[in-house]
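Chain and residue survey
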Amino acid sequence: MIKTVKLGLILMVFCVISAGLLAYVYIITQPRIVRNSSAAYDLSVKEVLPVASSGEAVRVAPRGYGGPVVLLVGVSNEKKVVGIKVLSQKETPGLGAKVVERGFLDQFIGKGANDPLEPKKDIDAITGATITSRAVCEGVRQAIRGKK
Amino acid sequence: MSLWHDLNQGIIKENPVLRLMIGLCPVLAVSNSALNALGMSVAVAFVLTCSNLVIAAIRKLVPDQIRIPIFIIIISTFVTISDYIMQAFTPELYAALGVFVPLIVVNCIILGRAEAFAYRNPVLNSTLDGIGMSLGFGLALVSIGVIREMLGAGSVFGLTLFNPAAAATIMILPPGAFITIAFLMAGLNKLENKVQ
């Protein structure tokens, strides 16, 4: 009994030291982490929407092959796509992961609510990644509809 | 002599990936490009060296029955520290490694070395063992990364060598990792047979 309590106490001492150390590192790094992520987001917004007053940057996350494909789509006040960027994706390397390439994404620029936005119709799909290509099309449609 | 032995043991003779075949999960997952492989190696090296050092230093204070939970607390503390530091100072690398950083906690190389070496040896020897094992892990991981990226995407460290359309995509998909590891292991065994 005494032995068990003693073991528990030793374990607790290790936990307390570890927690204290982590709290210290957290306090030091947290401001930088927050700054990094908001700076990265602001930069992405500027990329898809060069002039802030001309439209809205809409974040959509359609379901791809390996999880959500998070997109930031710049939609102008005329409801046309002016910029598009992939914020995060977990698609297959070498196939669906090509979704980040400009050659594919730039096809969406200039599209609007009246375009079909479908692979084989007005969009050339990524070879071997139909699901990913369809997801991006779906995301762009959502973004255009979502723009107020 | 013994110190040198502790350092170089992990590099080739007991290479964690190619000889001991432990920690293969992150090896399969992040070796699809040379840069990811290098980033993962650096993170593992930090955690493995620090945890070996600390565990060796406190080994006499740790009761036998609860050594595993204590090792895990120490390892996960260092993993979380490296996770925060990467997020704060190298966000691009953090984005590329993503989920695999927290997974270093369960990398069997680290717990394996804590149990098999650091718990029974002095601080200096354990630190050298950590550095040697990290070098061995890094060497294997980066070699696999370079080969896979070269054959599968036509580039090395992001520098294009030839037209990616001519590359064998399978090499950057999971089967490519198994194929590459198998060839490297076979090569190393052949080399060792020759030496003997």
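Note that the structure is a prediction, hence the values are computed from the model and not measured.

A look at the nonpolar core
With 48 residues, the main nonpolar core has Ile-70 and Ile-104 of chain B as its most contacted residues. Taken together, the elements giving at least two residues each to this core come down to helix 1 (2-48) of chain A together with helix 2 (24-30), helix 3 (34-58), helix 4 (67-89), helix 6 (108-118), helix 7 (123-153) and helix 8 (174-195) of chain B. Ignoring any residue separated from it by four or fewer positions in sequence, one finds Ile-70 of chain B in contact with Ile-10, Leu-11 and Phe-14 of chain A together with Ile-58 and Val-62 of chain B. Residues Val-81, Val-86, Val-99 and Ile-144 of chain A belong to the second largest nonpolar core, which totals 22 residues.

Examining the interface of chain B and chain A
The interface of chain B with chain A comprises 21 residues on the first partner and 19 residues on the second. For the pair chain B and chain A, the two sides together bury roughly 1800 Å², of which 81% comes from carbon and sulfur. Three residues stand out in chain B for area buried against chain A, namely Ile-73, Tyr-84 and Ala-88 of chain B, and they jointly supply 27% of the buried area on that side. Broken down by element, the residue count for the side of chain B that touches chain A peaks at 11 residues, all from helix 4 of chain B.

Notes on the pattern of salt bridges
Residues and elements named next belong to chain B. Counted under the stated rule, the structure contains nine salt bridges over all chains. The shortest N-O distance in the salt bridge between Arg-113 and Asp-129 comes to 3.0 Å. In this pair, Arg-113 is assigned in helix 6 and Asp-129 in helix 7, connecting sequence segments 16 residues apart. Connected via shared salt-bridge partners are Arg-67, Glu-115 and Arg-120.

Notes on helix 6 of chain B
Residue and element names in this part refer to chain B. Of the residues making up helix 6, those classed as buried are Ile-109, Ile-110, Arg-113, Ala-114, Phe-117 and Ala-118. Buried residues of helix 6, viewed axially, fall in a sector of 135 degrees; they line one side. Tucked inside the fold, the buried residues of helix 6 contact helix 1 (2-9), helix 3, helix 4 and helix 7. N-cap assignment for helix 6: the residue whose side-chain oxygen lies 3.0 Å from the backbone N of Ile-109 is Asn-107.

Thresholds, definitions, all that
- Residues numbered from 1 in each chain as written.
- Chains lettered and ligands numbered in written order.
- Predicted model: local features only at pLDDT ≥ 70, side-chain atom pairs only at ≥ 80, totals over all residues.
- Heavy atoms only, no water.
- Core = buried A, V, L, I, M, F, W, Y, C linked by side-chain atoms within 4.5 Å.
- Buried < 20%, exposed > 50% of the residue type's maximum accessible area, 1.4 Å probe, protein only.
- Helix = DSSP H or I, 4+ residues; strand = E, 2+ residues; numbered from the N terminus.
- Contact = heavy atoms within 4.5 Å.
- Buried area = accessible area lost by both parts, 1.4 Å probe.
- Salt bridge = Lys/Arg side-chain N within 4 Å of Asp/Glu carboxyl O.
- Arc of directions from axis to C-beta.
- Polar contact = N/O pair within 3.5 Å; in protein donor to acceptor, adjacent residues only side chain to side chain.

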